[in-house]
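A closer look at the structure
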Amino acid sequence: MSLRARIHSPQDVAAGLLFVAIGIATVVAALDYPMGTVRRFGPGYFPVLLGVLLALLGAAVAIKGIAVRIEDAEPIGPWALRPLILIAAAVIAFALLVRPLGLTVATVALVVISSLAGGRFSLKRVIALSVALVALSAAIFIFTLGLPFNLWPALWN
Amino acid sequence: MELIGNLALGFGVALSPMTLLYCLIGVTAGTLIGVLPGIGPIATVGMLLPITFHLPPVQAIIMLAGIYYGAMYGGSTTAILLKLPGTAASAVACIEGYPMAQQGRAGPALVMTTLASFFGACVAIIIVGAFAPPLAQFALEFGSPEFFSLMLVGLIAAAVLAHGSLLKGLAMAVLGLILGMVGQDVSTGFPRFTFGLGELYEGVKFVIVVVGLFGLAEIVHNIGLGDKREIYAKKVPLRELIPLRRDLRVSFWPMVRGTGIGAVIGILPGAGPAISAFASYAVEKRIAKDPSEFGKGSMAGLVAPEAANNSTAQTAFIPTLTLGVPGDATTAIILGAMLIHGIVPGPKIVTEAPELFWGLIASFWIGNLMLLVLNLPFIGLWVRLLSIPYQILFPSILLFVCIGVFSLNNEPADVIMAAAFGIIGYVFLKLGCEAAPLLLGLILGPMVEENLRRSLQLSRGDPMIFLTRPISLTFLIAGVFLILLVVVPALRKPRKDPTIAAGSKES
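Residues numbered from 1 in each chain as written. Chains lettered and ligands numbered in written order. Predicted model: local features only at pLDDT ≥ 70, side-chain atom pairs only at ≥ 80, totals over all residues. Heavy atoms only, no water.

What follows is about the overall build of chain B. In terms of helices and strands, chain B carries 22 helices and two strands. Counting only residues that meet the buried cut, chain B has 63% of its 507 residues in that class. The contacts of chain B with a sequence gap of at least 6 include a subset with a gap of at least 24, amounting to 80%. (Helix = DSSP H or I, 4+ residues; strand = E, 2+ residues; numbered from the N terminus. Buried < 20%, exposed > 50% of the residue type's maximum accessible area, 1.4 Å probe, protein only. Contact = heavy atoms within 4.5 Å.)

Next up on the list: the overall build of chain A. Assigned secondary structure in chain A consists of five helices and zero strands. In chain A, the order of α-helices and β-strands from amino to carboxyl end is α-α-α-α-α. When each of the 157 residues of chain A is scored for burial, the buried share is 44%. Considering only intrachain contacts with a sequence separation of at least 6, the fraction spanning at least 24 residues in chain A is 61%.

This brings us to the packing of aromatic side chains. Applying the stated criterion to the full structure yields 15 aromatic pairs over all chains. An angle of 20 degrees between the planes, with centres 6.3 Å apart, marks the rings of A:Phe19 and B:Phe428 as stacked. Of the two residues, A:Phe19 is situated in helix H2 (residues 10-30) and B:Phe428 in helix H18 (residues 412-430); the pairing between them involves two chains. We classify A:Phe19 as buried; its relative accessible area is 0%. Residue B:Phe428 is classed as buried on the basis of its relative accessible area, which comes to 5%. (Phe/Tyr/Trp six-rings, centres within 6.5 Å; stacked < 30°, edge-to-face > 60°.)

This part is about the packing of helix H17 (residues 390-409) of chain B against H18(B). Residue and element names in this part refer to chain B. Running from N to C, H17 and H18 cross one another at 135 degrees; their axes reach a closest spacing of 7 Å. Comparing their axes, H18 and H17 come out oblique. Crossing of H17 against H18: the hand is right-handed. Facing Cys402, Val405, Phe406, Leu408 and Asn409 of H17, the residues of H18 in contact are Pro412, Asp414 and Val415. (Axes fitted to C-alpha atoms, helices over the stretch in contact; angles between N-to-C directions. Parallel < 35°, antiparallel > 145°, perpendicular 65-115°, else oblique. Left-handed = near helix turned anticlockwise from the far one by under 90°.)

Core analysis: the biggest nonpolar cluster contains 172 residues, and A:Phe19, A:Phe94 and B:Phe206 have the highest contact counts within it. No other element matches the 13 residues that helix H9 (residues 206-225) of chain B contributes to this core. Formed jointly, this core draws a minimum of three residues from each of two domains, domain 1 (3-67) and domain 2 (81-156) of chain A. Residue contacts for A:Phe94: discarding those within four places in its chain leaves A:Leu103, A:Ala106, A:Thr107, A:Leu110, B:Leu399, B:Cys402, B:Ile403 and B:Phe406. If you look at the next biggest cluster of nonpolar residues, it comprises 19 residues, including B:Ile80, B:Cys94, B:Leu302 and B:Ile379. (Core = buried A, V, L, I, M, F, W, Y, C linked by side-chain atoms within 4.5 Å. Domains from an automatic or database assignment.)

Let us now look at a nonpolar patch on the surface. A contiguous nonpolar surface patch, about 460 Å² in accessible area, is contributed by A:Leu116, A:Phe121, A:Leu123, A:Ile127 and A:Val131. Take A:Val131: it is sitting in helix H5 (residues 123-144). (Patch = residues over 30% accessible without salt bridge, like charges linked within 9 Å, V, L, I, M, F, W, Y side chains within 5 Å. Areas by Shrake-Rupley, 256 points an atom, 1.4 Å probe, with all protein chains shown as cover. Salt bridge = Lys/Arg side-chain N within 4 Å of Asp/Glu carboxyl O.)

Moving on: the interface of chain A and chain B. Accessible area lost on assembly of the parts is the figure often given for the size of an interface. Counting residues at the interface gives 67 residues for chain A and 61 residues for chain B. At the boundary of chain A with chain B, total buried surface from both sides reaches about 5,900 Å², with 80% on carbon and sulfur atoms. When residues of chain A are sorted by the area they lose upon contact with chain B, A:Arg39, A:Phe41 and A:Phe46 head the list and together hold 10% of the total. Summed over the shared surface of chain A and chain B, the number is one salt bridge. For A:Asp12, the salt bridge identified is with B:Lys168, shortest N-O distance 2.7 Å. (Buried area = accessible area lost by both parts, 1.4 Å probe.)

Turning our attention to the environment of B:Gly215. Residue and element names in this part refer to chain B. The residue Gly215 is located in helix H9 in this model. Look at Gly215 and you get buried, because its relative accessible area is 3%. Separated by 210 residues in the primary sequence, Gly215 and Gly425 place their C-alpha atoms 9.1 Å from one another.

Residue and element names in this part refer to chain B. In the structure shown here, the tally under the stated rule is 10 salt bridges over all chains. Residue Glu449 pairs with Arg192 through a salt bridge whose shortest N-O separation is 2.9 Å. Remark: Arg192 occurs in strand E2 (residues 191-192) and Glu449 occurs in helix H19 (residues 436-458); sequence separation between them is 257 residues. Pair check on accessibility: Glu449 and Arg192 agree, each one buried. In this structure, Arg453 and Glu450 form a salt bridge, with 3.5 Å as the shortest nitrogen-oxygen distance. Of the two residues, Arg453 and Glu450 are both situated in helix H19; the distance of three residues between them amounts to about one turn of the helix.

Inspection of the secondary structure assignment puts B:Asn309 in helix H12 (residues 299-315). When near neighbours in sequence (up to four residues on either side) are disregarded, B:Asn309 contacts B:Met72, B:Ala89, B:Ser90, B:Pro273, B:Ser276 and B:Ala277.

This next bit is on the environment of B:Ser363. Residues and elements named next belong to chain B. Following the sequence through the fold, Ser363 ends up in helix H16 (residues 354-385). As a C-alpha pair, Ser363 and Ala65 span 298 residues in sequence and 9.0 Å in three-dimensional space. Those residues within four positions of Ser363 in sequence are excluded, and the remaining contacts are Ala14, Cys23, Ile62 and Tyr69.

Now for H5(A). With 22 residues, H5(A) ought to run about 32 Å at 1.5 Å a step, and its terminal C-alpha atoms sit 30 Å apart, in line with that. Taking the largest bend as the criterion, H5(A) deviates by roughly 30 degrees, centred on A:Ala138. Looking at H5(A), one finds that the buried residues are A:Arg125, A:Val126, A:Leu129, A:Ser130, A:Leu133, A:Val134, A:Ser137, A:Ala138, A:Phe141 and A:Ile142. In this structure, the buried residues of H5(A) make contact with helix H4 (81-115) of chain A together with helix H3 (41-52) and H17 of chain B. (Expected span 1.5 Å × (residues − 1). Bend = angle between axes of the 7 residues up to and from the residue.)

We now examine the environment of B:Gly301. Residues and elements named next belong to chain B. Of note, Gly301 is situated in helix H12. Looking at Gly301, the relative accessible area reads 0%, which means it is buried. Separated by 21 residues in sequence, Gly301 and Ser280 place their C-alpha atoms 8.5 Å apart. In this view, Gly301 contacts Glu96, Tyr281 and Phe294; residues no more than four positions away in its chain are not counted.

The subject of this paragraph is unusual backbone geometry. Within the chain, B:Arg460 stands out as a residue other than glycine whose phi angle is a positive 55 degrees. Here B:Arg460 falls in the exposed class, since its relative accessible area comes to 62%.

The next subject is the confidence of the model for chain B. Across chain B, the average pLDDT comes to 80, with 89% of residues at 70 or higher. Across residues 494-507 of chain B the pLDDT falls below 50, and counting only partners more than four positions away or on other chains, this stretch makes 33 contacts in the model. (pLDDT = per-residue confidence, 0-100.)

Residues and elements named next belong to chain B. Closest axis-to-axis distance for the helix H4 (residues 57-82)/helix H6 (residues 106-139) pair is 10 Å, and the angle between their directions is 155 degrees. Taken together, the axes of H4 and H6 are roughly antiparallel relative to one another. For the element pair H4 and H6, the recorded crossing hand is right-handed. Residues Tyr73, Ser76, Thr77, Ile80 and Leu81 of H4 touch H6, and the partners they reach there are Ala106, Ala109, Leu110, Thr113, Thr114, Ser117 and Phe118. Among the residues forming the contact of H4 with H6, the class breakdown is seven nonpolar, five polar and no charged. (Nonpolar A, V, L, I, M, F, W, Y, C, P; charged D, E, K, R; others polar.)

As structure tokens, this is what we get:
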């Protein structure tokens, strides 16, 4: 019997291993810090404790995922990779553009990229939404709340 | 009558025009997102959080609280009309409310849930006003060991109530504590887990984590699911809203019972409105004369949980304000917001910041009154909002999130970090790990460490200090009891997870 057939909850196994990895990484990083004693914690004491605890919990989650039969175990399911990448890209594009090129350009970039993430792409809707959102956010954030945003590229000011 | 004098002080604060405005914005936004499925109260409070930093503290907190309990009202509207709960706490409203809508009684169902919500909230507000000060007085005697044990119970409760397995919930709580360690150590100033990035010296910014883990991850997840909403609701004419006298009569005692159950659950640290709605539904079903009515549109089964979740949404502020240990993820965010505003919740808040404490309580009442007014005549409007396509909704939300995070410090790196937490949050979502315990851990992390450190200093390194002090021991026993509550039935019947039955997928 292959290993795959015996894993009852791939979700738990993956989550458990992730926790173990983070736990070990925490311990490794925290061992560099002064440990102190039980009476007087150094900066490293509590993180090491937590890292060990996380690794143990993660191991328990993973073992449970392999060994314990759960009838209605949820599969991990398909990853929504396209929305994930595009939404992250839209946010990052906004972050990189807002300072040099201003709110208008950053908003249009965000709307266009994120609109590619799901559903039917409609150019008309994207344009209308961009215009509406630029107007609305300028009204709320720049004119009402007075946040220090540039609306247009810095060169124009 | 000290309570009356205090309430007068509170109303003085809450009735100022600007405060009323922010309260109105809060409850309207809360109802709005409660109505829109797929965007939960945690995500919304998180998204609006950055904007509140530009407001004075009292108004900021009042607005955030308004979103929280406003969402409880709005969530039941979609639950009844579409069988789509806007929030986890209103999932129960589907069970009884949707059949009523199918029978053509959507109007009375909507009105009675609104009235039940108002009733539950009003009674609970009085409970908060009456019980928070004595509890704060009691908590003044707490030392480090008591606070450590209390926070431990709060974290365990959050893990127990999280959707999915207890072990994963506990792991997420521990991970949150670890994230809370990032930055300079409170007592030595030693930088930890900063990877040489100056950005991280002050710790992982809580707002960024909330926006990423809850807001962005949820948007990605929802797009992945595709737009499957089907508008069942037709217009609800005003005259159809009037409930029958019979509806009022059969609702009264369930509302009272729901309020009571909700109030008790709200006071427990770590337990939120979702759990209280389910608990009160279970109680109504058990004591009903005719249990067969349940599931087919029972008025008692609809109003009791509704009163309960609103009652919990109010009393959850008792532990949040007086002990500094939040009741659920949303109150955890509000607690985080207070800390950012320099308000440290704890036993001293009632005496040291009475205008905040009583102003908040008075604003709760005003906010609930606003909700009553917003909900009854405008139900048709809220229903129409459901037809906004998601393709318009999510770019808009995304933009407001980005602007909010960027405006914290005018720092593009913050926005990029939020995107990173969005990806992390999506991975956790796919692996069935709920982020709520992590959030609680992140906020409590430095406090847990500090109290543990001080306790062990006090006892010269002897961990028995947590067991020899009676209050601390009581908390720890409560924590063990909570774990047994999940573990014992799970051992007896391994395939069914009791927390799934509670359906506390708060988002």
